[in-house]
Amino acid sequence: MSIAATFEIEFLQYLDADGKLVRDDLPAIARDIRQLVELYKEMLFVRVFDAKAVALQRTGKLGTYASCLGHEAAHVAIGSAMQEDDVFAPMYREYGAQFHRGVKPREVLLYWGGDERGSDFSGPAHDFAWCVPIATQCLHAAGSALAFKVRKEPRVAVTVVGDGGSSKGDFYGAINVAGAMQLPLVAVIVNNQWAISVPRTMQTGAKTLAQKGIAAGLECLQVDGNDLIAMRAAMDHAIKRARHGHGGMVIEAVTYRLSDHTTADDARRYRPDDEVKAAWAREPLKRMKAYLMSLNAWTEKEDEDWKAECATRVDAEVNAYLETKSQPTAAMFDYTWGELPADLVAQRAEALAADKAAH
Ligand SMILES: Cc1ncc(C[n+]2csc(CCOP(=O)(O)OP(=O)(O)O)c2C)c(N)n1
Ligand SMILES: [Mg+2]
């Protein structure tokens, strides 16, 4: 017997859980300390926003909300590595990436508050809206990547899918076409270990999720998704090669969902406490802060001041959200159909009558 092919999956990490460098061949991003500080500040902003959004839901001011607690490094790295004219096809919790691209926190709140105007965000109009049907965004991104290739535009489509979503045919279809046609597609699997209550171990028999890209002919890499430097280095590499016509890549960002799945979930019912506790020891902000402080690039006082500034900025966004006038009841019927079918005409009349009775 001879060997038909051999494969390896590399794991990329620069900062360990305590913020200590584990290798000295630093990537470009790590040599730009001022930018690292800015990215750390973005992570902290997202964390402050996230806690506030959960509190809003708990006090009845938001319908539901999908927290991004613990995913900040992966998300900020993705957003900051992209060019404005690249296309982002997110799932539903990548606020850190989207804020970097210009989406406003008030728009995230509007969306989760049940107001579709939140999807008309201030980020690039060519980015896709939030995508709840699991993994379908991968196909949207692959389609965009195909368009870039056909038009010979040096642009890249970036999508995010969960560990659970990477079990779906939509994900495999997207990476397959990217490999077959050498499309500029970067698919980031944010492996936060859980798909609601289904653990990563029940999703797949594969040793890594990154290796799913091998069958598609894509370059694959597993990254410490809590290490901002590693995530940015991986994204910079993937986007550069895609932009220069060298094809797509699958990046598995290994992280942990520190929150419930959404505010409609109670993860204590299915997750062991010690697993969550161990994950907190590896979370992304603590290690980045420790690293920046070890370089004398950040202080405890600056951290406190910035956190306070984030709270002020988030409060302004919350107020803008709360002050947004609701759409009239008829709006949910009026903008999807050219001509409303008879059953919806009846429902519309019923909804308007109920609305009138309530006021
Ligand atoms: C097609 C489809 N099936 C099922 C669901 C219900 N659902 C919502 S989130 C989710 C789990 C997703 O897990 P994962 O892909 O790991 O992403 P995470 O939420 O952990 O970031 C499921 C099954 C859905 N939204 N869409
Ligand atoms: Mg998951």
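Scoring rules and cut-offs
- Residues numbered from 1 in each chain as written.
- Chains lettered and ligands numbered in written order.
- Predicted model: local features only at pLDDT ≥ 70, side-chain atom pairs only at ≥ 80, totals over all residues.
- Heavy atoms only, no water.
- Helix = DSSP H or I, 4+ residues; strand = E, 2+ residues; numbered from the N terminus.
- Buried < 20%, exposed > 50% of the residue type's maximum accessible area, 1.4 Å probe, protein only.
- Contact = heavy atoms within 4.5 Å.
- Pairing = 2+ DSSP bridges.
- Domains from an automatic or database assignment.
- Near = heavy atom within 4 Å.
- Polar contact = N/O pair within 3.5 Å; in protein donor to acceptor, adjacent residues only side chain to side chain.
- Areas by Shrake-Rupley, 256 points an atom, 1.4 Å probe, with all protein chains shown as cover.
- Axes fitted to C-alpha atoms, helices over the stretch in contact; angles between N-to-C directions.
- Parallel < 35°, antiparallel > 145°, perpendicular 65-115°, else oblique.
- Left-handed = near helix turned anticlockwise from the far one by under 90°.
- Nonpolar A, V, L, I, M, F, W, Y, C, P; charged D, E, K, R; others polar.
- Salt bridge = Lys/Arg side-chain N within 4 Å of Asp/Glu carboxyl O.
- Donors = N, O, S within 2.8 Å, 3.2 Å for Na, K, Ca; no water.
- UniProt positions renumbered as here; feature names shortened; annotations may be inferred.
- Phe/Tyr/Trp six-rings, centres within 6.5 Å; stacked < 30°, edge-to-face > 60°.

K.L.:
Please give an account of the environment of Glu 275 that cites residues and values.
P.N.:
Counting through the fold element by element, Glu 275 comes out in helix 10 (residues 273-280). The exposure class of Glu 275 is partly exposed, given its relative accessible area of 28%. The spacing of Glu 275 and Asp 236 is 39 residues in sequence and 31 Å in space, taken between C-alpha atoms. Once you skip the residues sitting within four places of it in the chain, Glu 275 turns out to touch Trp 194 and Tyr 256.

K.L.:
Tell me about the pairing of strand 4 (residues 185-191), residues and numbers included.
P.N.:
The buried count for strand 4 comes to 7 of 7 residues, which makes it a mostly enclosed element. The alternating pattern of strand 4 places Leu 185, Ala 187, Ile 189 and Asn 191 and Val 186, Val 188 and Val 190 on opposite faces, both of which are buried. Of the strand pairs in this sheet, strand 3 (residues 157-162) and strand 4 are connected by 6 bridges, and their pairing is parallel. In the strand pairing of strand 4, Thr 159 is matched with Ala 187. Inspection of the sheet shows strand 4 paired to strand 8 (residues 249-254) by 6 bridges, in the parallel sense. Directly across from Val 190, in strand 8, lies its bridge partner Ala 253.

K.L.:
With reference to specific residues and values, describe the domain arrangement of the protein chain.
P.N.:
Split by domain assignment, the protein chain resolves into domain 1 (11-326) and domain 2 (329-359). One C-alpha centre belongs to domain 1, the other to domain 2; they are set 37 Å apart.

K.L.:
Can you break down the site of ligand 1 residue by residue, with the values?
P.N.:
Around ligand 1, a shell composed of 16 residues is seen, among which Tyr 92, Arg 93, Gly 164, Gly 165 and Trp 194 lie nearest. Residue Arg 93 places a side-chain N or O atom 2.7 Å away from an oxygen atom belonging to ligand 1. A distance of 2.7 Å separates an oxygen atom of ligand 1 from a polar backbone atom of Gly 165. Expressed as a share of its isolated accessible area of 580 Å², the protein-covered part of ligand 1 is 71%.

K.L.:
Which residues make up the packing of helix 6 (residues 136-151) against helix 7 (residues 169-180), and what are the values?
P.N.:
The N-to-C vectors of helix 6 and helix 7 enclose an angle of 20°; their axes lie 7 Å apart at closest approach. The angle between helix 6 and helix 7 falls in the class roughly parallel. Note on packing geometry: the crossing formed by helix 6 with helix 7 is left-handed. On the side of helix 6, the interface is formed by Thr 136, Cys 138, Leu 139 and Ala 142, while helix 7 contributes Asp 170, Phe 171, Gly 173, Ala 174 and Val 177. Grouping the amino acids of the contact of helix 6 with helix 7 by side-chain chemistry returns 6 nonpolar, 2 polar and 1 charged.

K.L.:
Hey, could you go over unusual backbone geometry for me, with residue numbers and the actual values?
P.N.:
A positive phi is found at Ala 135, a non-glycine position, where the angle reads about 75°. Within the fold, Ala 135 resides in the loop between helix 5 (105-112) and helix 6. With relative accessibility at 1%, the residue Ala 135 sits in the buried group. Within the chain, Gln 182 stands out as a residue other than glycine whose phi angle is a positive 50°. Positionally, Gln 182 belongs in the loop between helix 7 and strand 4.

K.L.:
Tell me about the pattern of salt bridges, and name the residues and values.
P.N.:
Tallied over the full model, the rule gives 24 salt bridges. Residues Arg 243 and Asp 86 are paired through a salt bridge, measuring 2.8 Å at the closest nitrogen-oxygen approach. In this pair, Arg 243 sits in helix 9 (residues 228-243) while Asp 86 sits in the loop between helix 3 (72-81) and strand 2 (87-89), placing the two residues 157 residues apart along the sequence. Take Arg 243 and Asp 86: they sit in the same class, and that class is buried. Because the salt bridges share partners, they merge into one network encompassing Arg 47, Glu 72 and Glu 283.

K.L.:
Mind laying out the coordination of the magnesium ion (ligand 2), listing which residues take part and the relevant values?
P.N.:
Working reference: metal with six octahedral donors, ideal angles 90 or 180 degrees; metal with four tetrahedral donors, ideal angle 109.5 degrees. With distances of 2.1 Å, the protein atoms coordinating the magnesium ion (ligand 2) are Asp 163 (OD), Asn 192 (OD1) and Trp 194 (O). Spacing between the donor residues of the magnesium ion (ligand 2) along their common chain follows D-x28-N-x1-W. In this pair, Asp 163 sits in the loop between strand 3 and helix 7 while Asn 192 sits in the loop between strand 4 and strand 5 (194-195), placing the two residues 29 residues apart along the sequence. With relative accessibility at 6%, the residue Asn 192 sits in the buried group.

K.L.:
Requested: an account of the UniProt feature "domain: Dehydrogenase E1 component" (unreviewed entry) in the protein chain, with residues and values cited.
P.N.:
The feature "domain: Dehydrogenase E1 component" (unreviewed entry), as given by UniProt, occupies residues 40-320 in the numbering adopted here. Here residues 40-320 runs as 47% helix and 11% strand, with 25 Å between its end C-alpha atoms.

K.L.:
Which residues make up the packing of aromatic side chains, and what values do they have?
P.N.:
Under the counting rule described, the total for this entry stands at 12 aromatic pairs. A centroid spacing of 5.6 Å and a plane angle of 75° characterise the contact between Tyr 40 and Trp 298, whose relative ring orientation is edge-to-face. Of the two residues, Tyr 40 sits in helix 2 (residues 33-58) while Trp 298 sits in the loop between helix 11 (284-294) and helix 12 (300-322), which places them 258 residues apart along the sequence. You can call Trp 298 buried: its relative accessible area is 6%. Taking the centre distance of 5.2 Å and the plane angle of 85° together, the rings of Phe 49 and Phe 99 count as edge-to-face. With Phe 49 in helix 2 and Phe 99 in helix 4 (residues 95-100), this residue pair connects regions lying 50 residues apart in the sequence. Each residue in the set Phe 45, Phe 49, Tyr 65, Tyr 95, Phe 99, Tyr 111, Trp 112, Phe 121 and Trp 130 is aromatic and connected to the rest through ring pairs, giving one cluster.

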